[in-house]
Amino acid sequence: MHNNLSPAEGIWSLRRLPDMDEAQFSQWQTLLEHRTGITLSSERRSFLETNLGIRMREIGCSSYQAYYEKIVSGPDAIREWSTLVDRLTVQETRFFRDPDAFRLVSDYVLTRPREQLKKRPLEAWSVGCSTGEEPYTLAMVLNECMEQLALQPLFGVTGSDISKPVIEKARNGQFNPRKLLGMDEEMKARYFRPAERNTVEIVNSIRDRVCFTRLNVLDLDKAPMHGMNIIFCQNLLIYFRRWRRREIVKRLAERLAPGGLLVLGQGELTDWQPPGLQRVPSEHVLAWIKRQTDEE
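The structure displayed is predicted, hence computed values, not measured ones.

Colleague: Which parts of the structure should I look at to understand the sheet that holds strand β8 (residues 256–264)?
Modeller: For sheets, the rule is that strands pair by backbone hydrogen bonds, running either parallel or antiparallel. Spatial ordering of the open sheet is given by β6-β2-β1-β7-β8-β10-β9, a layout of 7 strands whose pairing is mixed. Looking at the sheet topology across the chains shown, the edges are occupied by β6 (210–214) and β9 (277–279). Along the sheet, successive strands turn relative to each other by an average axial angle of 20°, direction set aside. Where β8 lies against strand β10 (residues 286–290), 4 bridges are found, and the strand directions are antiparallel. What sits directly across from Leu262, in β10, is Trp288. Contacts from helix α8 (residues 133–148) reach β1 (122–127), β2 (155–161), β6 and β7 (228–233), with the element oriented near 170° to β2.

Structure (structure tokens):
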């Protein structure tokens, strides 16, 4: 009967967990890939051990096998699985992380026919949005474009991620000021204001344009997004096998409007031309435009 907290637990929590053997690592690899599509190479075994170890100490679980069984068939398996996925998938990000990619988005919008921009709102989607820096940056870029074109700010941005807690954090719209490092001072002043506990928050005019939803990229066929003008999917595909990356990109392409722009991370898709898309000539950004169909 060791369910209650005891001084011994504090001592145990400092004890190092045994190294994960090959069979255990393979078991975790298979589970992760099956449920999320994410592949962990052997080089990332220590990353997995560290993150599993932290969580196992938190809940007082002393072996990888016992924790695996808890995740797969324990009474609280679903909740525990989602807690672990958050630990393994949340990426460090910041505003305007890839300036070249956002410049490309800006050029793309500024060269659209004005009539088109007046007629229907621009719809952008940030896939694997983590804590929201990317979708909020997209909203700022689109807002700047609309002002430059002297048009009403007709646009909306959707951020999606597999992790529920990061989606909640993104909705909250409050950030540590270090997330703004490297950002233009004028932009900072326009789009952020001081908030509680030394954080900054996004101004309402931008927050109101961005919504968030939980979505596993393995379920893109069920995603309600259609006719998107811009899809941003950076630093997500690196976690997937090559064939799975192609599947994901095909699905995303289906959700683009004709003439829509798809932006990926550099090096995430090599030696393959997605059907129906045309590569944007750029040395610094990996992007495609969906070809216009004959019916257009």
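Once you've had a look at it, read on.
Colleague: Sorry if this is basic, but what is going on with the environment of Asn143 here?
Modeller: Positionally, Asn143 belongs in helix α8. On the basis of relative accessible area, Asn143 is assigned to the buried category, the value being 12%. When the C-alpha positions of Asn143 and Asp221 are compared, they lie 30 Å apart, and in sequence the two are 78 residues distant. Ignoring any residue separated from it by four or fewer positions in sequence, one finds Asn143 in contact with Pro153, Phe155, Arg190, Tyr191 and Ile206. There is a polar contact of 3.0 Å between the side chain of Asn143 and the side chain of Tyr191.

Thresholds, definitions, all that
Residues numbered from 1 in each chain as written. Predicted model: local features only at pLDDT ≥ 70, side-chain atom pairs only at ≥ 80, totals over all residues. Heavy atoms only, no water. Pairing = 2+ DSSP bridges. Helix = DSSP H or I, 4+ residues; strand = E, 2+ residues; numbered from the N terminus. Axes fitted to C-alpha atoms, helices over the stretch in contact; angles between N-to-C directions. Contact = heavy atoms within 4.5 Å. Buried < 20%, exposed > 50% of the residue type's maximum accessible area, 1.4 Å probe, protein only. Polar contact = N/O pair within 3.5 Å; in protein donor to acceptor, adjacent residues only side chain to side chain.

Just distances and angles here, no functional claims.
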